[in-house]
Amino acid sequence: MQMKKLSAAAIGAVLAVTGVGAYAHHSFATEFDRNRPIRLEGKVVMFEWVNPHSWIHIDVERNGSTERWRIEGGAPSALLRRGWNRNSLPAGTDIIVDAFQARDGDTRASAAEIRFPNGRELSLGNPTTEAVAAARRRAQN
Amino acid sequence: MRALTRLATVATAAVAMATLPAAPALADNHESAEMDRIGDHPDLNGVWQVMNGANWNVEPHSAGPNPLPQGDRILGAIGAIPADLGVVQGGSIPYNEAAQERLEYNRENVITYDPEAACYLPGIPRATYMPHPFQIVQGDGDDILMVYEYASANRVIHMQEVGIPPIDTWMGTSYGEWDGDTLVVTTLAQGPGLVKLPAGEMVEGVTWIDRAGNYITNNATVTERFTLREGGNHIDYHVTIEDPSILTEPYEMDMVLYRHVEDNAQLLEFKCVPFSEHLLYGDLIEE
């Protein structure tokens, strides 16, 4: 009996690489406000490689105090495809993020990419947020 | 007369046909003594399961009550631990001094902090000896897929040179090659990262290798050897665990994987996240 050839790419697309288990994925619109962009500059504290979204924890100096912000990125599989690995964002790295704030007022925001002080950009593999950011840029032009 | 002879011949042939054994049906219903092969290699396709108590404790152990006092009281003998001769060669895992603190912490919190209770992914080698079957999907020259009934855990065994996994993951990253008729799989970078415990606390997780709290870290190299026996219904499964951060020396485990030979052998669904809800989030749920 001839076994069907399994393409590794097809398998990879189906399998979960990390994460606890499946639970309902909320939409961007319910959690974040596309009309409340914010620019955050700070030092990376840690990076969470979790599904459905990764999270960058950064310390930002704002309003006279240090605020701990969590920036939502893409899923680990999306990050891996963009060349990310465990050394991509070490603790202590300075980054600049243009993100959309959470609706509930928490120090939480969703971003499409991050920038480093030397100008280099790194995509976060977050498709819905990328679309929102692109729409915003079109509206401003 | 000739017509009768012809009729007799046809009748005899028909009877002979009717008593012929049915053509070998499913590839996973081996009755022959020969090993099936795919290309140059033994055919490991099928549904497999262990028949031992390794998931309770990989070291030899007597039967005993459920480790939780409330489990003991409510479940009685149904929640009790069966005896097992153990799968660890030499009988005990050679932990070093640095391992003791985490080992004590795990042992004090069996069941409650066990990733299995939270429906977290089991890692390797625990996935092999969970009390659930698993399936090996093997093609000719492709990567090999292993699918586990428990929590739909799965892994791709990349049939290429061992590399550096880009990140730690619950199931690690597996690389495979054939050593004669033995499939050798090297798994690296098993790391749960931050793990949520019951009632909210987040701690740095480690991979538990059984319910007794034995564990490995993300520095571990797990090497598995799958050797199909003549007859094709048993796999000799041998594991070497190297983890210099918590062990004084590597150790080995041996067990047999048994093929499910029933006609309807298949994985069923054990999506256990809803079953762990009360354990993990019971403090948040209004009753």
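Residues numbered from 1 in each chain as written. Chains lettered and ligands numbered in written order. Predicted model: local features only at pLDDT ≥ 70, side-chain atom pairs only at ≥ 80, totals over all residues.

Before going further, it helps to spend a moment on the nonpolar core. In this structure, Ala127(B), Tyr148(B), Ala153(B), Ile235(B) and Met255(B) are the most contacted members of the largest nonpolar core, which totals 51 residues. When near neighbours in sequence (up to four residues on either side) are disregarded, Ala127(B) contacts Pro122(B), Phe134(B), Tyr148(B), Tyr150(B) and Ala153(B). Of all hydrophobic cores here, the second largest spans 19 residues; its members include Ile58(A), Leu89(A), Ala109(A) and Ala133(A). (Core = buried A, V, L, I, M, F, W, Y, C linked by C-beta atoms within 7 Å. Buried ≥ 20, exposed ≤ 12 C-beta atoms within 10 Å, placed from the backbone. Contact = placed C-beta atoms within 7 Å.)

A few words now on the pairing of strand β13 (residues 221-228) of chain B. All names here are of chain B. Residue alternation in β13 divides its side chains into a buried set, Val222, Glu224, Phe226 and Leu228, and an unburied set, Thr221, Thr223, Arg225 and Thr227. Where strand β8 (residues 182-188) lies against β13, six bridges are found, and the strand directions are antiparallel. For Thr186, the partnering residue across the bridge sits in β13 and is Thr223. Pairing of β13 with strand β14 (residues 234-242) involves eight bridges; the strand directions are antiparallel. Note on β14: the bridge partner recorded for Val222 is Ile241. Turn length for the β13-β14 hairpin, with the two strands adjacent in sequence and antiparallel, is five residues, and the turn residue Gly231 shows positive phi of about 105°. (Helix = DSSP H or I, 4+ residues; strand = E, 2+ residues; numbered from the N terminus. Pairing = 2+ DSSP bridges.)

Attention shifts here to the sheet that holds β14(B). Residue and element names in this part refer to chain B. Pairing is mixed in the closed barrel, where nine strands are placed in the order β3-β4-β5-β6-β7-β8-β13-β14-β15. Adjacent strand axes in the sheet meet at a mean angle of 30°, parallel and antiparallel pairs treated alike. Relative to strand β4 (residues 134-137), strand β3 (residues 46-50) runs antiparallel, the two sharing three bridges. Within β4, the position partnered with Val47 by the bridge is Gln135. (Axes fitted to C-alpha atoms, helices over the stretch in contact; angles between N-to-C directions.)

Take unusual backbone geometry next. In this model, Asn51(A) is joined to Pro52(A) through a cis peptide bond whose omega is -5°. Looking at where Pro52(A) falls in the secondary structure, it is placed in the loop between β1 (32-48) and β2 (55-62). A cis amide bond links Ile124(B) to the next residue, Pro125(B), at an omega of 15°. Here Pro125(B) lies in the loop between α3 (100-108) and β4. Phi is positive for Ile111(B), close to 65°, though the residue is something other than glycine. Note that Ile111(B) resides in the loop between α3 and β4. Here the phi dihedral of Ala189(B) falls at roughly 60°; this positive angle occurs in a residue that is not glycine. Positionally, Ala189(B) belongs in the loop between β8 and β9 (194-196).

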